[in-house]
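Each chain, letter by letter, is given below.
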Amino acid sequence: MADYTFFTNPMSRGQIARWALHEAGADYQQVIIDWQAKPEAFLSANPMGKVPTIVHHADGGDRAVTEAAAICLYLAEMHPEAGLLPNDGQTADYYRWTFFAAGPVEAAITAKALGFAPKAEQERMAGWGNFEKTMSTLEGHLADREWVCGDVFTMADVYVGSAVDWGLNFGTVPPNTTFVGYAERIQARAAYKTAKAIDGALIAEMKK
Ligand SMILES: N[C@@H](CCC(=O)N[C@@H](CS)C(=O)NCC(=O)O)C(=O)O
């Protein structure tokens, strides 16, 4: 049995987790989820019925991990040999910007895509404030560094980088030079290319 069962669909946020699995060098078996017929093992691991979901078949028993950001950080910890963890001085940026992408960035993009923008008096309550502020804050952080934690790639870049990369592809984040340059560095990663090729082939197969 593989170390991980990976529930995914190629046209989903599962692409983030696949990239993370490849960066970590993890041994996994995929289960492709048909939205209309979700298997019981998947729903019991994640009652939300959402992908990505992984089940780690650890020595002490199975552990389910859901939420793409949590899956990324979990895999980095389980595979320290892959060198994706921050050093002491990078830890604040590692957590801060992973959670910034999973919270404000995700919410800002989703709200915009759904046609919702908080009124000025609602911005204090909305965790992302407003779309422009969220995007310019992330841009400001990435503007003068190669990666989220400085000059070293960490697992934070899998999650933050996926948000930027997907956003540029779907026209939901502004195509400024900072985001475009960061996405180019992301796309040059060997594990990114391997993971995207697998999902790309699965998507092509599904479209036949
Ligand atoms: N908060 C979750 C969101 C996961 C999510 O919404 N996944 C979508 C695909 S991108 C899904 O599984 N949709 C199928 C459904 O809800 O039935 C994460 O960050 O992983």
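Residues numbered from 1 in each chain as written. Predicted model: local features only at pLDDT ≥ 70, side-chain atom pairs only at ≥ 80, totals over all residues. Heavy atoms only, no water.

Draft legend 1. The packing of aromatic side chains, seen in detail. Using the criterion set out here, one finds 10 aromatic pairs in the structure. On the numbers, 5.6 Å between centres and 90° between planes, the contact of Phe6 with Tyr28 is edge-to-face. In this pair, Phe6 is assigned in strand β1 (residues 4-8) and Tyr28 in strand β2 (residues 28-32), connecting sequence segments 22 residues apart. Each of the two residues, Phe6 as well as Tyr28, counts as buried. Where Phe7 meets Phe42, the ring centres are 5.3 Å apart and the plane angle is 40°; that geometry is what we call tilted. With Phe7 in strand β1 and Phe42 in helix α2 (residues 40-45), this pair connects stretches of sequence that are 35 residues apart. Ring pairing ties together the aromatic residues Trp19, Trp147, Phe153, Tyr182 and Tyr192, which thus form one cluster. (Phe/Tyr/Trp six-rings, centres within 6.5 Å; stacked < 30°, edge-to-face > 60°. Helix = DSSP H or I, 4+ residues; strand = E, 2+ residues; numbered from the N terminus. Buried < 20%, exposed > 50% of the residue type's maximum accessible area, 1.4 Å probe, protein only.)

Draft legend 2. Structural detail: the packing of helix α4 (residues 91-113) against helix α5 (residues 131-142). Interaxial distance between α4 and α5 falls to 10 Å at its minimum, and their mutual angle equals 150°. Considering their axes alone, α4 and α5 lie roughly antiparallel with respect to each other. Every pair of crossing elements has a handedness; the one defined by α4 and α5 is left-handed. Of the residues in α5, those in contact with Asp93, Trp97, Phe100, Pro104, Val105, Ala108, Ile109 and Lys112 of α4 are Phe131, Thr134, Met135, Thr137, Leu138 and His141. (Axes fitted to C-alpha atoms, helices over the stretch in contact; angles between N-to-C directions. Parallel < 35°, antiparallel > 145°, perpendicular 65-115°, else oblique. Left-handed = near helix turned anticlockwise from the far one by under 90°. Contact = heavy atoms within 4.5 Å.)

Draft legend 3. Representation of the site of the ligand within the structure. For the ligand, the full set of nearby residues is Ser12, Arg13, Trp35, Lys38, Gly49, Lys50, Val51, Pro52, Glu67 and Ala68. A distance of 3.1 Å is found between an oxygen atom of the ligand and a side-chain nitrogen or oxygen belonging to Arg13. Here an oxygen atom of the ligand sits 2.9 Å away from a polar atom, N or O, in the main chain of Ala68. Compared with its free state, where it exposes 510 Å², the ligand has 74% of that area covered by protein. Its residues assigned to classes, the shell around the ligand comprises 4 nonpolar, 2 polar and 4 charged. (Near = heavy atom within 4 Å. Polar contact = N/O pair within 3.5 Å; in protein donor to acceptor, adjacent residues only side chain to side chain. Areas by Shrake-Rupley, 256 points an atom, 1.4 Å probe, with all protein chains shown as cover. Nonpolar A, V, L, I, M, F, W, Y, C, P; charged D, E, K, R; others polar.)

Draft legend 4. Spotlight on the pairing of strand β4 (residues 61-66). Summarising the sheet, strand β3 (residues 53-58) and β4 pair through 6 bridges and their orientation is antiparallel. By the bridge assignment for β4, Ile54 is matched with Val65. What sits between the antiparallel neighbours β3 and β4 is a turn of 2 residues. (Pairing = 2+ DSSP bridges.)

Draft legend 5. Local environment of the sheet that holds β3. Taken together, the 4 strands give an open sheet; going across it, the order is β2-β1-β3-β4, and neighbouring strands pair in mixed fashion. Edge positions in the sheet fall to β2 and β4, since each of these pairs with one other strand and no more. Taking each pair of neighbouring strands and ignoring which way they run, the sheet shows an average axis angle of 20°. Where β1 meets β3, 4 bridges bridge the pair, whose relative direction is antiparallel. When the sheet's bridge partners are listed, Phe6 is paired in β3 with Ile54.

Draft legend 6. Structural context of the pattern of salt bridges. One pass over the structure, following the stated rule, counts 6 salt bridges. Here Glu106 makes a salt bridge to Arg13, at a shortest N to O gap of 2.6 Å. One end of the pair, Glu106, is in helix α4; the other, Arg13, is in the loop between β1 and α1 (14-24), with 93 residues separating them in the sequence. By relative accessible area, Glu106 is classed as partly exposed at 27%. The shortest N-O distance in the salt bridge between Asp199 and Arg18 comes to 3.0 Å. On the criterion of sequence distance, the pair formed by Asp199 in helix α8 (residues 190-206) and Arg18 in helix α1 is long-range, its members being 181 residues apart. (Salt bridge = Lys/Arg side-chain N within 4 Å of Asp/Glu carboxyl O.)

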